[in-house]
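# Commentary on secondary and tertiary structure
Here's the letter readout for the chains.
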Amino acid sequence: MNSFDPMIVVHGGAGNIPSNYEEQYNEGVLEAVRTGWKKLDDTNNALEAVVEAVKSMEDNPTFNAGYGSTLTIKGTVEMDALVIDGSSLRMGGVMRVSKVKNPIVLSKAILEENHHVLYAGEGAHMIAQELGFELIDPEQLITPRSRDLLEKYIKKLEEENKNKKLAGKTGTVGAVAIDSKGRLAAATSTGGIRGKKIGRVGDTPIPGAGTWADDIMAFSATGVGEWIIRSTLGLRTKTYLLSSKTTEIALMRALEDMKHLVNGTAGAIIITKEKGWAAIHTTKNMAWAKKSADGELSFLK
Ligand code: ASP
């Protein structure tokens, strides 16, 4: 059996990272990629590694996932997450959860239960309890920064009367990995986009849109979910991958399509079995980091 070089790539969201926060984002993605790498080293299991990396960013208030999630227009938290084990196509995900500290860990438990793939809202809280998760007060997930950003957003909306633009209110987290057996996995977790309406679900928990993994590639996207869903970014990238020389070309072609089709921008990380990896964005920036036996890289260097 072939042996593959293990690798993990993470992202901490695309969009508009304020320059005074760049260091914080960089430290956060580096911490996540190191945590994920350690798990990959200990278990040689891509699935375990991506969950560990994403959990680290859910616990870090810098990022829009778990603690520090962006808020709905009503000032509440509604998080989405999905994890896919590419080698078995087992998946687990949640939509609109607010009472769980780590949506990605719950998603993994749903994947392992191997019954339904996706749970939403109260049903997700019920399955969480069944699976032994402690439910928390949603207020515990709200940081002063996310409240402040929502207030500013609402003020801006009022000033502009009705702002239809969706960009610049993003910051999901995600991870992709390959282990030495060539197993690929992807995990993504998000608070969604700032000021979203109650009930809105983004691209993150939609297989083939914001998250995908199979025996060819593992993919995690960030950006405005509506654009990512409408252009089926994950599966579009996979289609291009089959006919492109490199992973960069495939992802760039999919992102170019997105511009033409829905006039949108996004970012994504991807690891493939045969054609390497890529971290590319058409948004202003994207925080990411990569680690393998060769060393580590991040978006600031
Ligand atoms: N893709 C996420 C969503 O639309 C947001 C983000 O990437 O920041 O829910």
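Residues numbered from 1 in each chain as written. Predicted model: local features only at pLDDT ≥ 70, side-chain atom pairs only at ≥ 80, totals over all residues. Heavy atoms only, no water.

## So, the overall build of the protein chain
Definition in use: Counting from the N terminus, the helices are DSSP H or I runs at least four residues long and the strands are E runs at least two residues long. We take the radius of gyration over the C-alpha atoms and set the globule estimate at 2.2 Å times the residue count to the 0.38 power. Contacts between residues were defined by any pair of non-hydrogen atoms, one from each residue, lying within 4.5 Å. The accessible surface values rely on the Shrake-Rupley method and a 1.4 Å probe; as for residues, cover is taken only from the protein chains in view. His residues and chain termini do not enter the charge count, which takes Lys and Arg as positive and Asp and Glu as negative. The location of each charge is read from NZ of Lys, CZ of Arg, CG of Asp or CD of Glu.
For the protein chain, the helix and strand inventory stands at eight helices and 12 strands. The C-alpha atoms of the protein chain give a radius of gyration of 18 Å, which matches the 19 Å a tight globule of 301 residues would have. Considered along the principal axes of its C-alpha atoms, the protein chain spans approximately 60 × 45 × 35 Å. At a minimum sequence separation of 6, the contacts of the protein chain that also span at least 24 residues come to 69%. Only carbon and sulfur atoms are counted for the fraction: they give 49% of the accessible area of the protein chain, which is about 12700 Å². Across the protein chain, the centroid of the 37 positively charged side chains sits 5 Å from that of the 37 negatively charged ones.

## Remarks on helix α2 (residues 46–58)
For clarity, the threshold we go by: By this rule the span expected of a helix is its residue count minus one, scaled by 1.5 Å. Each residue is assigned to one of three classes by its accessible area relative to the maximum for its type, calculated with a 1.4 Å probe on protein chains only: buried under 20%, partly exposed between the two thresholds, exposed over 50%. Pairing of N or O atoms within 3.5 Å defines a polar contact, subject to two protein rules: one partner must be a possible hydrogen donor and the other a possible acceptor, and residues neighboring in sequence count only if both atoms are side-chain atoms.
The terminal C-alpha atoms of α2 lie 18 Å apart, and with 13 residues this matches the ideal 18 Å at 1.5 Å per residue to within 8%. Of all 13 residues in α2, 10 are buried; the element is thus mostly enclosed. Taken together, the buried positions of α2 are Ala 46, Leu 47, Ala 49, Val 50, Val 51, Ala 53, Val 54, Ser 56, Met 57 and Glu 58. Two or three places before Leu 47, at the start of α2, stands the capping residue Asn 45, its side-chain oxygen 2.9 Å from that residue's backbone nitrogen.

## With respect to the pairing of strand β3 (residues 90–97)
Cut-off, in case you're wondering: Strands qualify as paired when DSSP identifies two bridges or more between them. A right-handed crossover is one whose linking path, passing over the helix from the first strand to the second, runs clockwise when the strands point away from the viewer.
Of all eight residues in β3, six are buried, a share of seventy percent or more. Examined bridge by bridge, strand β2 (residues 79–85) and β3 share six bridges and lie antiparallel to one another. Residue pairing for β3: Leu 82 is matched across the bridge by Gly 93. Taking the residues between adjacent antiparallel strands as the criterion, β2 and β3 are bridged by four residues, where Leu 89 takes a positive phi near 55 degrees. Two elements, β3 and strand β4 (residues 118–120), share three bridges in a ladder whose sense is parallel. Paired with Val 94 across the two strands is Tyr 119, which belongs to β4. Between β3 and its parallel partner β4, the chain crosses via helix α3 (residues 103–113), and the hand of that crossover is left-handed.

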